[in-house]
Amino acid sequence: MIEFRGVTKRFPDGTVAVHELDLVAEQGRITVFVGPSGCGKTTSVRMINRMIEPTSGELRVDGRDVLAGDPADLRRGIGYVIQQAGLFPHRTIVDNIATVPVLLGRGRREGRSRAMELMETVGLDPSMARRYPNQLSGGQQQRVGVARALAADPPVLLMDEPFSAVDPVVRENLQDELLRLQSELGKTIVFVTHDIDEAIKLGDKVAVFRVGGTLAQYDEPGVLLSRPVDEFVDTFVGRDRGYRGLGFLSSDTIPIGELPTVGLGDPVPEQGWHAVLDGERRPLGWIDGGHRPGGATVSEGDVVPGGSLYPVGSGSLRGALDAALSSPSGRGVAVDADGRVAGSISADDVLTALPDARRHDPAA
Amino acid sequence: MTYLGWLFSSENWAGSAENPGIAQRLVEHLGYTALTLLIALVIALPLGAWIGHTGRGGLMVVGIANALRALPTLGLLVLLFLAVGLGLLGPLIALVILAVPPLLAGTYSGVANVDPSIVDAAKGMGMRGPEVLFKVELPNALPLIIGGVRSALLQVISTATIAAYVGLGGLGRFILDGLSQRDFPQMIGGSILVALLAIVADLLLGGLQRLLVSPGLQQRGAQAGPGRLRLIRGGAGTDRARAA
């Protein structure tokens, strides 16, 4: 647990980067600091490991005053991931990851064997161990950065815009990976970003900062989307927050309807959209019936690509609505956990289910 | 051929008791060079590393170092001769003054130019000041430091000939004696020896650089191409521009 109590940072030139910050980052959760540039989010996170010294106030990590001891000792107990990864270019990947265990005097061999384990944990091929950072892609480097921060198994992890320098596809990949890792590790993570979508995706709680270093709102992401406290947060959260807020509402109450289906090689249906399935009943796409000379069968060339799929039982209203809207037939394909077709949903079903879902969700 | 003939005479290599040969002059020359470089390294490495690490006094020191470079070594030698008299001390001081600026510039700029995000990461991992310097900054500065050493070495080898002006040995003897005796084969032979020595020493340091510098810092292009041209260019000229 990380506690800020009236923490202020005033730089020598008089600028106040953080003003009287009161905030608690909960144990085992991801807390995201988000805001425009100059809002003090990075300064705030860098005060936790004393890369920046607070001017006043109290800052505790797991009950311990960070200002009490030696800063280097404090930092060895806190994982730190920065933008561009900040890997040591003169060291191999395995030695980069082993940095903190070696600093803690655990010996190079033990450090390296721990590093090899961690490479697997973060999804890096162990054959990369002997390579140097300049031989890795940006996404791979960032994974090494995360592995390095985890090497000494610190309870707290600080991540300062770690994914902002990689391309959007890789970024999404790394975000998913982080969520998967966190579900296994349960670290107390403070994550800084300027990207509200990233904040909403990753955060168990999101702290929105405004310029001048004050906290505008500190809430769960669903609340942030449905009830922004003021105009600043409203604008910052973005235009289609209503739609994005659906991502936090359970879709369990949506009725799963019928779905007309047809297999590859079957005769083309006489009329209407049919979902085309493979032999395992997994959806391949859609076919619009009729308009063909008699006796034609469904071939792969006839298949129109389908939209997103809606996973029954684990989806949100947003996923359900998107499945319906992105389908050429207007009906979204619902699939079970194995990816087999379970039925269909319509946009109307989603909207009908909305008031009910809102009532059941305390956040909304 | 008659000029080169001087170089290949075994008599000239062996010399005699009152007139030492090439072999001994070579050893003397290398001795002056090594001593100069050692002293200059002891001065410039810690100073450059400290300035680069703390970022304090960088502009002043680089300014002074560049001013020192502009001193004509021969004039300096005359001045030192007047001040400290005959003997090794005068030329040694002159040579050290020549060698310190490139070493200082190389070390200072090498350490100061390490990517700040790497230094930030090192501190954030919990490295203390000396650990940051020795484990991160110096290894990353090594290419520029060795560049400075090569530059200094080239200048010291070619300038160590001035030792002969104050009655000492070294390869400068052949040039000076050849000139005064109008013995041009000896003079040219001496000059060629100095040039060859400089080239060989630079090549050796280039090899050492490849051994010492982490493969993570060596560019792939540089590894693939033949190193010779690059070695000489990298050794002599580049750090002047960097320090400025």
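Reading the values: the criteria
- Residues numbered from 1 in each chain as written.
- Chains lettered and ligands numbered in written order.
- Predicted model: local features only at pLDDT ≥ 70, side-chain atom pairs only at ≥ 80, totals over all residues.
- Pairing = 2+ DSSP bridges.
- Helix = DSSP H or I, 4+ residues; strand = E, 2+ residues; numbered from the N terminus.
- Core = buried A, V, L, I, M, F, W, Y, C linked by C-beta atoms within 7 Å.
- Buried ≥ 20, exposed ≤ 12 C-beta atoms within 10 Å, placed from the backbone.
- Contact = placed C-beta atoms within 7 Å.
- pLDDT = per-residue confidence, 0-100.
- Nonpolar A, V, L, I, M, F, W, Y, C, P; charged D, E, K, R; others polar.
- Axes fitted to C-alpha atoms, helices over the stretch in contact; angles between N-to-C directions.
- Left-handed = near helix turned anticlockwise from the far one by under 90°.

1. Some words on the pairing of strand E16 (residues 341-346) of chain A
Residue and element names in this part refer to chain A. Judged from the 5 bridges that link them, strand E15 (residues 331-335) and E16 form a sheet pairing that is antiparallel. Note that in E16 the partner of Val333 across the bridge is Ser344. Joining the antiparallel neighbours E15 and E16 is a turn of 5 residues, in which Gly339 adopts a positive phi near 85°.

2. Some thoughts on the nonpolar core
Ile48(A), Ile97(A), Ala147(A) and Ala99(B) are the most contacted members of the largest nonpolar core, which has 153 residues in total. Sorting elements by how many residues they give to this core places helix H8 (residues 129-159) of chain B first, with 14 residues. Not counting chain neighbours up to four residues away, the residues in contact with Ile48(A) comprise Ile2(A), Leu59(A), Val61(A), Val66(A), Ile78(A), Leu158(A) and Val190(A).

3. Some details on the environment of Ala357(A)
Along the chain, Ala357(A) falls in helix H13 (residues 347-360). Ignoring any residue separated from it by four or fewer positions in sequence, one finds Ala357(A) in contact with Leu249(A), Ser250(A), Thr253(A) and Leu317(A).

4. As for the confidence of the model for chain B
Residue and element names in this part refer to chain B. Overall, the predicted model of chain B reaches an average pLDDT of 83, with 89% of residues at or above 70. Note that residues 220-244 has pLDDT below 50 and, in this model, 33 contacts with residues that lie over four places away or in other chains. Reported confidence for the predicted complex is 0.77 by ipTM and 0.77 by pTM.

5. Observations regarding the interface of chain B and chain A
At the junction of the two partners, chain B supplies 17 residues and chain A supplies 20 residues. Elements with a contribution of two residues or more to the side of chain B that touches chain A: helix H7 (116-124) and H8 of chain B. Per-element accounting of the side of chain B that touches chain A gives the leading share, 6 residues, to H7(B). The residue makeup of the side of chain B that touches chain A, split by class, is 8 nonpolar, 6 polar and 3 charged.

6. Some remarks on the packing of helix H3 (residues 22-54) of chain B against H8(B)
Residue and element names in this part refer to chain B. At a closest axis distance of 10 Å, the pairing of H3 and H8 adopts a crossing angle of 145°. Where H3 crosses over H8, the handedness of that crossing is right-handed. Facing H3, whose interface residues are Thr33, Thr36, Leu37, Ala40, Ala49, Gly52 and His53, H8 presents Leu133, Glu137, Leu138, Ala152, Leu153, Val156 and Ile157. The class makeup of the residues in the contact of H3 with H8 is 9 nonpolar, 4 polar and 1 charged.

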